[in-house]
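Structural overview
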Amino acid sequence: MASLPSAVPSHPVVFTTQTPYTLPSQKFMIPLDWKRYQLSQLINKALDLPKPIPFDFLVHGEILRTSLLEWRTEKGVGEEDTLEIEYFESVMPPQRMSELPHEDWVSSVSCRIPQHFVTASYDGHLRLFDYSQNLVLDASVHQSPITSVCIVPSPPSDTESRILASSSHDLTACLTRVYLDSETPTASTVASLHLHTSPLSSISTDASGSHLLTSSWDGLIGVWDTSIPDDHQVNLERGDDRKKRRKTAPANIKRKAPIAVLKSHTARVSKAIFAAGEPAKGKAYSCGFDSTVRTWDVESGVCMNTINVPERPMLDLTETPDGNVLLAASTDRTVSIFDLRVSSLSSSTGVMMHPTTPSCIATSESGKNQVVTGSYDGVARLWDLRSTKGAVTSFRVWDGMKVLAVDWVGDVVGIGGEGGMEVWRIAGGS
Amino acid sequence: MAVTGLGKVRNKRKQEEVEEVEKGPFAGAVDLEMHSEDEAEDEDREGDDASDDGDVDEFPEIDAASDSDEESDEEGEEEDADDLDEEDTLDENSDADSDLHIFPKSKKVVSNITGQTKVVYPEIEPDYDSDSSTEDDPNRVGNIPMHWYDDLPHLGYNINGKRVLRPAKGDELDRFLQTVEDPNSWTTAFDKNTQMDKPLSAEELDIIRRLQAGENPDAEYDPYEPTIEWFTGKGKEEVMPLSSAPEPKRRWLPSKWEKQKIMKIVRAIRQGRIVGSKPTAADKKQQFYAIWNEPPSNQPPPLPAPKPKLPTNSESYNPPEEYLPTEEERKQWENTDFEDRERDYLPHKYPALRLVPAYDQFIKQRFNRQLDLYLAPRIQRVKLNVDPNSLLPKLPSPNSLRPFPNYKSLQFVHTKARVRCLSISPDGAWVASGDESGVISLWEVNVGREVKRWNLGSKVGAIEWCPRLDACFLVAGTEERLHFFIPPNISPAMLTTTQSILAPATLPPTTQSSIKWISTSGAAEDGPILTIELPSASGLSRQLTWHRKGDYLASVSSSETQGSVWMHQISRRHSQAPFKKIKGAVQMVLFHPTKPHFFVATQRYVRLYNLAEQKLLKTLMPGIKWISSMDVHPSGDHIIVGGYDRKLCWFDLELSEKPYKVIRYHSRAIRSLHFHPTYPLFASSSDDGSIQIFHARVYSDLMTDPLIVPLKILRGHDVQEGLGVLQIKWVNKQPWLVSAGADGNVSLWCS
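Here the residue numbering is sequential within each chain, running from 1 through the sequence in written order. Each chain gets a letter, beginning with A, and each ligand a number, beginning with 1, in the order they are written. In keeping with the model being predicted, local features are shown solely for residues with a pLDDT of at least 70 and side-chain atom pairs are shown and tallied solely at 80 or more, while totals for entire chains, interfaces and linings include all residues.

A short note on the overall build of chain A
- When helices and strands are tallied, chain A shows three helices and 34 strands.
- Looking at chain A as a whole, 47% of its 430 residues are labelled buried. The numbering of helices and of strands both runs from the N terminus, where a helix is a DSSP run of H or I of at least 4 residues and a strand a run of E of at least 2. As a rule, residues whose C-beta atom has 12 or fewer other C-beta atoms within 10 Å are exposed, those with 20 or more are buried, and those in between are partly exposed; C-beta atoms are placed from the backbone.

So, the overall build of chain B
- Counting its secondary structure elements, chain B contains 13 helices and 35 strands.
- Buried positions account for 25% of the 751 residues belonging to chain B.
- For every residue pair, C-beta atoms are placed from the backbone, and the pair is scored as a contact if these atoms sit within 7 Å. Here the contacts in chain B between residues at least 6 apart in sequence split such that 46% fall between residues at least 24 apart.

Observations concerning the sheet that holds strand β30 (residues 681-686) of chain B
Residues and elements named next belong to chain B.
- Should DSSP find at least two bridges between two strands, the strands are regarded as paired. Reading across the sheet, the four strands line up as β29-β30-β31-β32 and stay open at both edges, with antiparallel pairing between neighbours. This sheet does not close on itself; its edge strands, each paired only once, are β29 (670-675) and β32 (707-715). Adjacent strand axes in the sheet meet at a mean angle of 20°, parallel and antiparallel pairs treated alike.
- Pairing of β29 with β30, which is carried by five bridges, proceeds in the antiparallel orientation. For Ser 672, the partnering residue across the bridge sits in β30 and is Ser 685. To obtain each axis, a line is fitted to C-alpha atoms, and for helices this fit is confined to the stretch in contact; angles are then taken between N-to-C directions over 0 to 180 degrees.

Observations regarding the sheet that holds strand β24 (residues 314-319) of chain A
Residue and element names in this part refer to chain A.
- Pairing is antiparallel across the open sheet formed by four strands, whose spatial order is β24-β25-β26-β27. Either end of the sheet is taken by a strand with one partner, and the two such strands are β24 and β27 (350-353). Direction aside, neighbouring strands of the sheet carry axes that sit 20° apart on average.
- With four bridges connecting them, strand β26 (residues 334-339) and β27 associate as antiparallel partners. The partner of Val 335 across the bridge, within β27, is Met 352.

Observations regarding the pairing of strand β21 (residues 283-288) of chain A
Residue and element names in this part refer to chain A.
- Among the six residues in β21, five count as buried, and that is most of the element.
- Pairing between strand β20 (residues 269-274) and β21: five bridges, direction antiparallel. Counted as the bridge partner of Val 269 is Gly 288 from β21.
- Direction of pairing for β21 relative to strand β22 (residues 292-297): antiparallel, over a ladder of five bridges. Residue Lys 283 lies in a different strand from β22, and its bridge partner there is Asp 297.
- With antiparallel pairing between neighbouring strands as the criterion, β21 and β22 make up a hairpin whose turn holds three residues, including Ser 291 at a positive phi of roughly 60°.

Here we look at the UniProt feature "repeat: WD" (unreviewed entry) in chain A
- UniProt positions are given in the numbering used here, feature names are shortened, and annotations may be inferred rather than shown by experiment. The feature "repeat: WD" (unreviewed entry), as given by UniProt, occupies residues 193-225 and 351-393 of chain A in the numbering adopted here.
- Secondary structure across residues 193-225 of chain A divides into 0% helix and 61% strand, with the first and last C-alpha atoms of the span separated by 10 Å.

Some words on the environment of Val 413 of chain B
Residues and elements named next belong to chain B.
- For Val 413, the location among the structural elements is in strand β7 (residues 407-413).
- Overall, Val 413 belongs to the partly exposed group, with 14 C-beta atoms counted inside 10 Å.
- Placed 331 residues apart in sequence, Val 413 and Gly 744 show a C-alpha to C-alpha distance of 5.8 Å.
- With residues near it in sequence (within four places) discarded, Val 413 still touches Gly 744 and Asn 745.

Section: the interface of chain B and chain A
- Each partner contributes to the interface: chain B provides 20 residues, whereas chain A provides 27 residues.
- Classification used: nonpolar for Ala, Val, Leu, Ile, Met, Phe, Trp, Tyr, Cys and Pro, charged for Asp, Glu, Lys and Arg, polar for all others including Gly. Partitioned by chemical class, the residues of the side of chain B that touches chain A number ten nonpolar, seven polar and three charged.

Observations concerning the confidence of the model for chain B
Residues and elements named next belong to chain B.
- As a per-residue measure, pLDDT tells how confident the predictor is, with possible values from 0 to 100. Counting all residues, the mean pLDDT for chain B is 80, and 82% of those residues have values of 70 or more.
- Note that pLDDT drops below 50 for residues 1-101; the model gives that stretch 40 contacts with residues more than four away or on any other chain.
- Scoring the predicted complex yields pTM 0.65 and, for the interface, ipTM 0.85.

Side note on the nonpolar core
- To define a nonpolar core, we join buried Ala, Val, Leu, Ile, Met, Phe, Trp, Tyr and Cys residues through C-beta atoms within 7 Å and take the resulting set. Counting 102 residues, the largest nonpolar core has Phe 599, Met 630 and Val 641 of chain B as its most contacted members.
- Sequence-distant contacts of Phe 599 of chain B, defined by excluding residues within four places in its chain, comprise Val 589, Leu 590, His 592, Val 606, Leu 608, Met 630, Val 632 and Ile 639 of chain B.
- Of all hydrophobic cores here, the second largest spans 90 residues; its members include Val 152, Ala 191, Ala 328 and Leu 340 of chain A.

Brief notes about the pairing of strand β5 (residues 188-191) of chain B
Residues and elements named next belong to chain B.
- Bridge analysis of β5 against strand β6 (residues 196-199) gives four bridges, and the strand direction is antiparallel. Paired with Ala 189 across the two strands is Lys 198, which belongs to β6.
- Where β5 hands over to β6, the hairpin turn is made up of four residues, of which Gln 195 adopts a positive phi near 60°.

With respect to unusual backbone geometry
- A cis amide bond, omega 5°, links Arg 402 of chain B with the succeeding residue Pro 403 of chain B.
- Here Pro 403 of chain B lies in the loop between α12 (388-391) and β7.
- Although it is not a glycine, Gln 133 of chain A adopts a positive phi angle of roughly 65°.
- Structurally, Gln 133 of chain A is set in the loop between β9 (125-130) and β10 (135-140).
- The backbone of Leu 171 of chain A shows a phi angle near 75°, a positive value even though the residue is not glycine.
- Within the secondary structure, Leu 171 of chain A is located in the loop between β12 (161-168) and β13 (172-179).
- In this structure Leu 171 of chain A comes out as buried when scored by C-beta crowding, with 23 C-beta atoms within 10 Å.

Some points on the confidence of the model for chain A
Residues and elements named next belong to chain A.
- Per-residue confidence for chain A averages 84 on the pLDDT scale, and 93% of its residues sit at or above 70.
- Low pLDDT (under 50) marks residues 1-6, which in the prediction has six contacts with non-local residues, meaning those over four places away or in another chain.
- With pLDDT under 50 throughout, residues 238-248 is counted as low confidence; its partners more than four residues away or in other chains account for eight contacts.

Some thoughts on the environment of Lys 256 of chain A
All names here are of chain A.
- By the secondary structure assignment, Lys 256 is in strand β18 (residues 254-256).
- Given 27 C-beta atoms within 10 Å, Lys 256 falls into the buried group.
- Residues Lys 256 and Cys 174, spaced 82 residues apart in sequence, show a C-alpha to C-alpha distance of 9.5 Å.
- Among residues more than four places away in sequence, those in contact with Lys 256 are Ala 191, Ser 192, Leu 193, His 194, Trp 224, Pro 229 and Gln 233.

Structure (structure tokens):
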């Protein structure tokens, strides 16, 4: 297999991979008219795989989409240079698994409860669906639209109940305990978080489930613990109009106060997340409409670093599972990439251009270099961070309806937006 | 008159000949430019002459011209005849030579056919004697030095090419004998051509005699010719009129016109309107005086004329080599225009001074001196060397002026009716849009999700959010009513403040006004918390505007009466009409952002009032047929005014009452204008369905003009029933624009 007898000129190539399907390190002479398909066949044949696996190929940080000759002439690479081609299992076209229609817009979805989907909707309800598209639970938590929901990881001993944290336009966030084990799952709101004076934009939790971060339009970030207090920590506000609403709310909702407030943003904070990974413990990131991404030391409540990207008001922020890269979606139709490994980072290290406003980003544990973004044109796109020129694949969820939330766990991508929620399956990926 | 005309023609022709002759030698070397102006002058002069001729025609008693005509004798008539025949000037020369009688004398005969006199020349008989040149000597060598033939046996050649032999010539003795023998020998002279003595003719002898006597050699010359009376004396008077027309009456009647003119002057003198000039002092002064009697003045003497520059080496006829131009320099010098040359000569090397040719620029130089005398510029620049691109204004590229909105991020749809108005909350988070079916929707700027809807049941004409930061509410204007709404989900403290502003527990003392303020405290969630009822028949409230402190609200209704503008004070719950009488229908009102000034736009004019002093400060004249919209720059020194006739006027309030700039770029009427509160941007929307974004930078330096750069045309709204984008508003703190269209869509445009 060292070289193929062919009239077509060939090029020396070395294959590398991070998948379990490794070739012996050896130089191949590849005919220049080969494309992805032939290369994939070559690897399948060389490894003698029982079931053919399609592969995608990365050359110089770019996914190979043309023949090698065209690629070489476009890049101006010399004929003698040995190319290093990395291959990974190619992403199969995503398939729509199920649709979960909602009456109102879905602002946030989560797939973190096994075998279940959680959606938060603009009518103030949290809904729990199982994989067979049945509505398991419908809890009216807020009077106002819910903007975001997250599932607080519970200690392993506690298997029958989960805590959902939801943030809302009504200036509070709520912790709702959901009991899944019983025949009919029940939910009860156990605590409300009182700090903000403007609608909340997001809520997120850390990996251990001990702390929460809320971000709000008033420029503040609240840090909370997840313990349920025995008594109210915040007094009821006066105001006759408020009183009426309080009366309807059950008395067992405990009002919690934040353990710290992070103040530095000059405009609306759109997302605040805890840093992933062990070395970055106690750190948090936030982004906002003041076009900054800030790094916080949560313990001391100090802003450690500010990355200012001029004129890029940000809508969503996420971090890759290995904690190396931050991604922020902004209203100028870009998703900025911040490589945290670069010391003294002052600007974005790359952008992913979208045709419309990207509204949400999701990463998954399984796909280390891949992200899913949803945008206002109703299309979700799968990107590879190594090749940011174009999306790897895109899937049209709704026509002309906005995608507002994505979540990606395993090979399941939950997409929420104007048309309810849809579940798609992405197979493969490195 | 025809004869005088001919005479003129002849004179002119002679002039031309002279000019031609003068030009002849210089024709190659001189390149004079005759400017068209001079020619025109010449023509004018000729035209004047012609008109003079006409005058002469009218007054034949002034007969200087005809005298000059009489001057020309027969010979002159001949010449005239020649001129008529368009013959060459050579004939004139031959006429001038006619005194020498080379040709036979002519006779004047009365023609049998025409009855005119004509000149008849005697017939020439072509016999042997008719031409004296034929009997000439046989030697045909011509006028050459005859000593060339000294050593030869012959003298030359005859007409047939045969040799003419030298005649036999005796020696000195023979010659002497010949003089003795021949009695005529003393009247002979040696003829070189024939190399022999020839006897002189009687005429030649006569000439010799006359010369000896000191007389005129011409025998025919008579120094004592009798005087010929050409012009005077009996029979020489002008008796013939030039035309047979009867003498016109005006010739002998005194001119009425002149009389009128004179009488006018006489009357003016009598009435003292014309005063004769008094004898000046200079006249009275002694005319002659001794110039040396006065001491010399101590004035500085007049400046001497500037010295001409000394010639340099390069002007020498034999300059050193380094001064000589190379071939390229020479070519370049020749290719440049005359007025662009650095120096007006090229150094040239001549081996000797005698080889230096005549100065070829002589005529040119004289001509230039003439131009100096006429005070005319020596150089006339015909074209300007201006790069047309340099005349275009230097505008920075739009990419350097980011951010500005350039794409439609999301769209909010009012399904029922066209959206007339929208307003954005001061924190830039919420949009309230009202449509013609009476629905006001409150939605998030960034998600576009409606969170609250109020249904008023009647057309919503205007919505404005209160600019106060400690309270949060919005006003919507409908038919004869203003409704105040509190949006949901505001913090309790803010809600309390807002409620105390709009529905206070203790109402302030009611004032005398025809306007009712109705507060509905309590269930303010679903309906308006406060309603102001404007007087009936005031129509739809077309526009609302807040004072920056959020206490005063001005409303404009669509009725044409004086009750269309109202000023509402929220804290006193009082409304008043600021104007007793307004000329024209008020289109829009605006508060000045910093001063207590108030802009009122009527149909044609924008007036600026000082509210504190209650007087009119300024009337701006945009020159627009019908003003549709205006906005004040956040600095307060500039306003823009848009009209239904597609024009947009930019006013600098410090500068003038006329617009600083008038721009017309929309293809249909302008509907709405808005300055961004913080970014240097403004936008205009139009009935053509487009929104145009401009960069408008205003400098605090008064000397620098505002910079207006067109940035982007946003399209996306449909035109329905001739209406396009009805209102646009910028989002505070962000370079985003929200636009409401007649197609029921409200769009957010992001950068």
